Amino acid sequence: MAQKVLDALTAKWADAIVRTGSAHGDEIVWVKRDSLLDVATWLRDDPAMAFDSPVFCTCIDWLDWHPTGRPPSETWTEDKPRFTVCYQLRSLAHHHRLRVEVELPEHDPRLSSLAGLWPAFNWQERETFDMYGIRFDGHPDLRRIYMYEEFIGYPLRKDYPKEKRQPLVRRDDLIDAPHKAEHK
Amino acid sequence: MPDQSTLKQLVLGRKDVQDLSDEEHALPPDLMTVNMGPSHPAMHGTVRIVLTVDGEKIVKGDVQPGYLHRCFEKESEHATYTQVFPYTDRLNYVSPMINNCGWAMAVEKVLGIYGKVPKRAEYIRVIVSEMSRMTDHLTCIGASAMELGAFTAFLYFLKAREWLYELLETVSGARLTHSYVRVGGVSKDLPAGFDASLTNCLERIDGVIAEVEGLLNNNKIFYDRMSGIGAMTKADAIASGCVGPIARACGVDYDVRRDYPYSVYPELEFDVPVGTSGDCLDRYLVRVEELKQCIRILRQCLKQIPAGPIMIDDHRVALPPKTDAYNTIESMIRHFKHIMDGIRVPAGEAYAFVEGGNGELGFFIVADGTGRPYKAYCRSPSFVHLSTSEQLIKGHLIADVVPIFGMINMIGGECDK
């Protein structure tokens, strides 16, 4: 159903798109990182697209990716992008759905924030930052949401051991963090 | 010997009103920061709000979740697909069956057996899901009413919820953490006599809903505390990602069961109630109407449920029958591999979503061909709804935080994952 969306995207944003595809009833578009904001704004505002409902935002860490039953070339190696940030969108008017994915390199995991377009992504991007350490440029309030401020590392990254424990040690330098000073 | 007023000040720690000077009479002009939570009797879950208040009025509320974070996603990446079911029970622990169904559907989607689950199993899934939706709404309304002082409504609804829990216990063996649904079907068939006991239960719940509506709908105190409180516009609700009863109260006509039909919902007839003003009262009214629709769906299910298998006939996902597992070596090995290695799901990614108690509950899975998910993400409606609460409480009084949070129905387990 949403193949129309993919066709329209390829026609209009040929330069901004890496590839498109469908999997298990979900339409996916891989967008270049620098064009994300433009493509997303168009997806929201174009009447034929009208993706007004944000669904979720998350990230996939490909560090341990050795899929069985697939050719060895698909295994993750250091020259491939390590992270994929996924934004799932839905249109109330047209009933179509789309997943926008952006691939990010290991050493510079940053992309523009979509919290300005859809307020729902404000907290979801904070969650993605908290869990995966992805930096969202232009996010109004990028700080940890589930973990405590003293927490070191990003727990959902594949190189964070599952059994690792971190005692909560108060750090004085966090007491006067800017967002806290605001409440004083 | 100090005079009378000094003594009073010494003993009580404050002066009488008439003894105050003019400056002392005035309220302090600067804003005050108050911590509400993490553990507060009027908050449904464990959540902290740092309120900046001007007298009683909220200027800013910084809502901080995360106190119930139990690493659902990290744990799931290290468990087999079947072992995740008990974890999903603990997401929204008021309606665990719906979480079970959502997870099962997501795995079925990647496996390519989506929609091939036997009819009877699908009907059973809908029955237990709708019962879970009822327990969710009963808890939400009951607890909110109690927090506003209507204790009787709470007791009536919890009584009704207990009947449903008892029935679900006969189905799954556990009162709260059911782990009942499996990939490809359900773990066991409905018990004998379930039909009659559910029919009987629904009749009694009909009565309880009428009683509680009589207690609350025309109750001046309840009405005044709910009406016009925490209102949200339709556009805001959509852009903030609100779904379920909260979005519907704002006039967003969206229900996953109707708009992206799954399971056997296309064969069932039900209405989607929609509100107009988007305030707490509308959220309450939408939930009550949904309770009635659940009863309607359940009655149709009981009439239409066919006989037949409850598990898909596919050796990749179904355990071999016990008689075979005990008597043939092939089946025993299959049983062992199934339990130890898990269901082998081919590499791929999929997002499956169901209508949960609070709205669109989704699971996003990335599979890598092994028996354990490479990534498991839960799109929890509570988390999204909680993020709107900062806007909703702004400008209201501290006492209004209670009905707003009650009607947002944040479930700590689901919100914090």
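The coordinates are above.
For the structure given in this document, a descriptive report is provided here. (Residues numbered from 1 in each chain as written. Chains lettered and ligands numbered in written order. Predicted model: local features only at pLDDT ≥ 70, side-chain atom pairs only at ≥ 80, totals over all residues.)

1. Regarding unusual backbone geometry
Working step 1: For S179 of chain B, which is not glycine, the phi torsion reads 45 degrees and is therefore positive.
Working step 2: For S179 of chain B, the location among the structural elements is in the loop between α7 (151-172) and β4 (181-182). (Helix = DSSP H or I, 4+ residues; strand = E, 2+ residues; numbered from the N terminus.)

2. Here we look at the interface of chain A and chain B
Working step 1: Each partner contributes residues to the interface: chain A has 30 residues there, and chain B has 37 residues.
Working step 2: Secondary structure elements with two or more residues in the side of chain A that touches chain B: β3 (53-61) and α3 (121-132) of chain A.
Working step 3: Here the side of chain A that touches chain B is composed, by residue class, of 17 nonpolar, nine polar and four charged. (Contact = placed C-beta atoms within 7 Å. Nonpolar A, V, L, I, M, F, W, Y, C, P; charged D, E, K, R; others polar.)

3. Topic: the nonpolar core
Residue and element names in this part refer to chain B.
Working step 1: The biggest cluster of nonpolar side chains holds 163 residues, and the ones touching the most others in it are V107, F363, I365 and I404.
Working step 2: Take this core: its biggest share by element is 12 residues, from helix α6 (residues 119-147).
Working step 3: Sequence-distant contacts of V107, defined by excluding residues within four places in its chain, comprise Y81, V183, V345 and I365. (Core = buried A, V, L, I, M, F, W, Y, C linked by C-beta atoms within 7 Å. Buried ≥ 20, exposed ≤ 12 C-beta atoms within 10 Å, placed from the backbone.)

4. Considerations on the environment of L176 of chain B
Residues and elements named next belong to chain B.
Working step 1: Mapped onto the secondary structure, L176 falls in the loop between α7 and β4.
Working step 2: L176 sits 87 residues away from D89 along the chain, and the two C-alpha atoms are 8.0 Å apart.
Working step 3: In this structure L176 touches Y93 and P96, once residues within four positions along its chain are discounted.

5. A closer look at the environment of R287 of chain B
All names here are of chain B.
Working step 1: Looking at where R287 falls in the secondary structure, it is placed in helix α13 (residues 280-304).
Working step 2: A tally of 25 C-beta atoms within 10 Å means that R287 is categorised as buried.
Working step 3: Remark: the alpha-carbon pair of R287 and N358, spanning 71 residues in sequence, is separated by 9.8 Å.
Working step 4: Residues within four places of R287 in sequence aside, it is in contact with H137, C140, I141 and P245.

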